[in-house]
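Now for the letters of each chain:
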Amino acid sequence: MIMKKRIAIFVVLTTLSLGLYAQKIKVKNDVIYCGNVAYEQPVTVKFELQNTGNSPLVISNVRTSCGCTTVDYPKQAIPAGDHFAVNATYDARMMGHFSKDIGLYTNDSEKPLYLTMRGVVVEEVVDYEGNYDFSIGSLMADADNIEFDDVNRGEMPVKKIHVMNTSDKTLSPTVMHLPNYLKATVSPTNIAAGRTGVVTLMLDSKNVRDYGLTQTTLYLGMFPGDKVSAEKELPVSVVLLPAFTELTETDLANAPQIKLSTEDVDISFGGKSKKSETILIDNIGRSELSINSLQMFTNGLSVTLNKSKLQPGEQAKLKITAEAKALRRVRSKPRVLMITNDPMKSKIVININAK
């Protein structure tokens, strides 16, 4: 009787122990979009995962949605905390859109973990015919910054950067330091020497907190775990606009209306380190004009505004100061962004032409 109780206690403790040390799997991207794939030219994607549990992870079986997809995965136990990869290859023998699921069966759960590769099989892949004028690490790119302009809350716009591997080895580009309002994919996952690919960024505007300008800096690593550096920087800016969809015709007729003396400012330093120019702002509407935000797209600029709320007929002065040394280092064109409650002109961009 005592022996049976001991066995029962041992079984309970063992069960509790297994629960405490349950596996967990972290997936960087469980869906990878391959873009356009040439007919009968197999495409391979690389899923990056990590065993975030407290004990070894074992992949006991892998199942695919069809025999057209093969999978390469670790056959040995994966230690706790280790990163690992699952490579899936689709044979591309059928024209049109494809979506292939890979189910990983592990000691983590009775249910499989699903990974998905998607794309379009076409007769011929037409390469990007533009120029690769910018250097990002070992890649050449057609852009070195991204701007999501005039975005309304709820929209999910997409931007693409075309890249070419100019090194002598295969690279696996990865986008690092993504905020919660951006998602990124790189297609193909592995870019051979001399070949091209596409970095796709999707903005989820619901997760952008404030109206006006939001900026961040991403880093395009040449492989997972690559170190960040200035040469791999990828600045991203988002301009989120306020909505005026519920205004009636009467509201619009009585709305504020902004007028600027100019929206293009020419600044000639003439050997000076700093130079300022002033813009006059008038409210020619029928209700109070509110200048809700003043932001700069680049370093090297500063602004002062003597009043942010203008009654009908009132005027304000906007002083813009430019710093020569700082402006020489910026990548994008220096501009000032103004967000107002004028429903016809809620966003104003003041261009700075510095010489």
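Going by the structure above, here's the rest.
Residues numbered from 1 in each chain as written. Predicted model: local features only at pLDDT ≥ 70, side-chain atom pairs only at ≥ 80, totals over all residues. Heavy atoms only, no water.

Before going further, it helps to spend a moment on the overall build of the protein chain. Within the protein chain, the regular secondary structure consists of 3 helices and 26 strands. For 355 residues, the compact-globule estimate of 2.2 N^0.38 gives 20 Å, and the C-alpha radius of gyration of the protein chain, at 27 Å, exceeds that figure by more than 25%. Relative to its full complement of 355 residues, the protein chain shows a buried share of 39%. Within the protein chain, contacts between residues separated by at least 24 positions form 67% of all contacts whose residues are at least 6 apart in sequence. (Helix = DSSP H or I, 4+ residues; strand = E, 2+ residues; numbered from the N terminus. Rg over C-alpha atoms; globule rule 2.2 N^0.38 Å. Buried < 20%, exposed > 50% of the residue type's maximum accessible area, 1.4 Å probe, protein only. Contact = heavy atoms within 4.5 Å.)

Attention now goes to the layout of surface pockets. Its volume calculated, the second largest pocket comes out at about 750 Å³. As for the second largest pocket, its lining consists of 27 residues, and the residues nearest its centre are Lys28, Asn29, Lys183, Ala184 and Thr185. Sorting the residues of the lining of the second largest pocket by element identifies β2 (31-38), β3 (43-51), β12 (158-165), β13 (174-176), β14 (182-187) and β15 (196-203) as the ones contributing at least two each. Ranked by residues supplied to the lining of the second largest pocket, first place goes to β14 with 5 residues. Here the residues of the lining of the second largest pocket are counted per class, giving 14 nonpolar, 7 polar and 6 charged. (1 Å grid on protein atoms, 1.4 Å probe; cavity = no way out; pocket = protein on both sides within 12 Å on 5 of 7 lines; lining within 4 Å. Points joined across faces, edges and corners; volume = space filled by probe spheres on them. Nonpolar A, V, L, I, M, F, W, Y, C, P; charged D, E, K, R; others polar.)

With that settled, consider the pattern of salt bridges. The tally for this structure, following the rule as stated, stands at 9 salt bridges. Between Asp72 and Lys75 there is a salt bridge, and its shortest N-O distance comes to 3.9 Å. Overall, Asp72 belongs to the partly exposed group, its relative accessible area being 45%. Taking the relative accessible area as the measure of exposure, Lys75 reaches 52% and is therefore exposed. The salt bridge involving Arg209 is made with Asp210; its shortest N-O contact spans 3.3 Å. Among the residues examined, Arg209 registers a relative accessible area of 71% and is labelled exposed. Classification of Asp210 by relative accessible area gives partly exposed; the value is 39%. (Salt bridge = Lys/Arg side-chain N within 4 Å of Asp/Glu carboxyl O.)

Glancing now at the nonpolar core. A general trend in soluble globular proteins is that nonpolar side chains are found buried together. Counting 26 residues, the largest nonpolar core has Phe148, Val175, Leu201 and Leu203 as the members making the most contacts within it. Only β10 (139-141), β11 (146-152), β12, β14, β15, β16 (212-221) and β17 (233-241) provide two or more residues apiece to this core. Among the elements that line this core, the one with the most residues is β17, at 4 residues. What Val175 contacts, discounting residues up to four positions off in sequence, is Lys28, Ala184, Val186, Val199, Leu201, Leu218, Tyr219 and Leu220. Among the nonpolar cores identified, the runner-up in size contains 24 residues, and Ile32, Ile102, Leu115 and Met117 belong to it. (Core = buried A, V, L, I, M, F, W, Y, C linked by side-chain atoms within 4.5 Å.)

Spatial strand order, β9-β10-β12-β15-β14: 5 strands in an open sheet with antiparallel pairing. A strand with exactly one partner marks an edge of an open sheet, and here the two such strands are β9 (134-136) and β14. Looking at each pair of strands side by side, their axes are set apart by 30 degrees on average, direction ignored. Judged from the 3 bridges that link them, β10 and β12 form a sheet pairing that is antiparallel. Within β12, the position partnered with Leu139 by the bridge is Asn165. (Pairing = 2+ DSSP bridges. Axes fitted to C-alpha atoms, helices over the stretch in contact; angles between N-to-C directions.)

The next thing to look at is the environment of Ala80. By the element assignment, Ala80 lies in the loop between β5 (69-72) and β6 (83-90). For Ala80, a relative accessible area of 37% puts it in the partly exposed group. Linking Ala80 and Lys317, residues 237 residues apart in sequence, is a C-alpha distance of 61 Å. Leave out the neighbours within four places in its chain, and Ala80 touches Asn51, Gly53, Asn54, Ser55 and Pro56.

Let us look at the state of the cysteines. Per the stated rule, a full pass over the model turns up 1 disulfide. Note on cysteine connectivity: Cys66 is disulfide-linked to Cys68, with sulfurs 1.9 Å apart. Measuring handedness by torsion sign, the sulfur bridge of Cys66 and Cys68 sits at about -45 degrees and is left-handed. With a relative accessible area of 17%, Cys68 lands in the buried category. (Disulfide = S-S within 2.5 Å.)

This part takes up the environment of Tyr128. If you trace the backbone, Tyr128 turns up in the loop between β8 (113-122) and β9. Since its relative accessible area comes to 30%, Tyr128 is described here as partly exposed. Expressed as a C-alpha distance, the spacing of Tyr128 and Asp142, which sit 14 residues apart in the sequence, is 9.7 Å. In contact with Tyr128, other than residues within four places in its own chain, are Asp142 and His162.

This brings us to a nonpolar patch on the surface. A cluster of nonpolar side chains, namely Leu247, Leu252 and Met344, defines an oily patch on the protein surface of about 300 Å² accessible area. Among the secondary structure elements, Leu247 is positioned in the loop between β17 and α2 (249-253). We classify Leu247 as partly exposed; its relative accessible area is 33%. (Patch = residues over 30% accessible without salt bridge, like charges linked within 9 Å, V, L, I, M, F, W, Y side chains within 5 Å. Areas by Shrake-Rupley, 256 points an atom, 1.4 Å probe, with all protein chains shown as cover.)

The next point concerns the sheet that holds strand β20 (residues 274-283). Note on sheets: strands pair through backbone hydrogen bonds, and any given pair is parallel or antiparallel. As summarised here, the arrangement of the 4 strands in space is β18-β20-β24-β22, forming an open sheet in which the pairing is antiparallel. Each edge of the sheet is formed by a strand with only one pairing partner; in this case those strands are β18 (258-260) and β22 (301-305). Going across the sheet, the axis of each strand differs from the next one's by a mean of 25 degrees, ignoring polarity. By the bridge criterion, 9 bridges tie β20 to strand β24 (residues 315-323) in an arrangement that is antiparallel.

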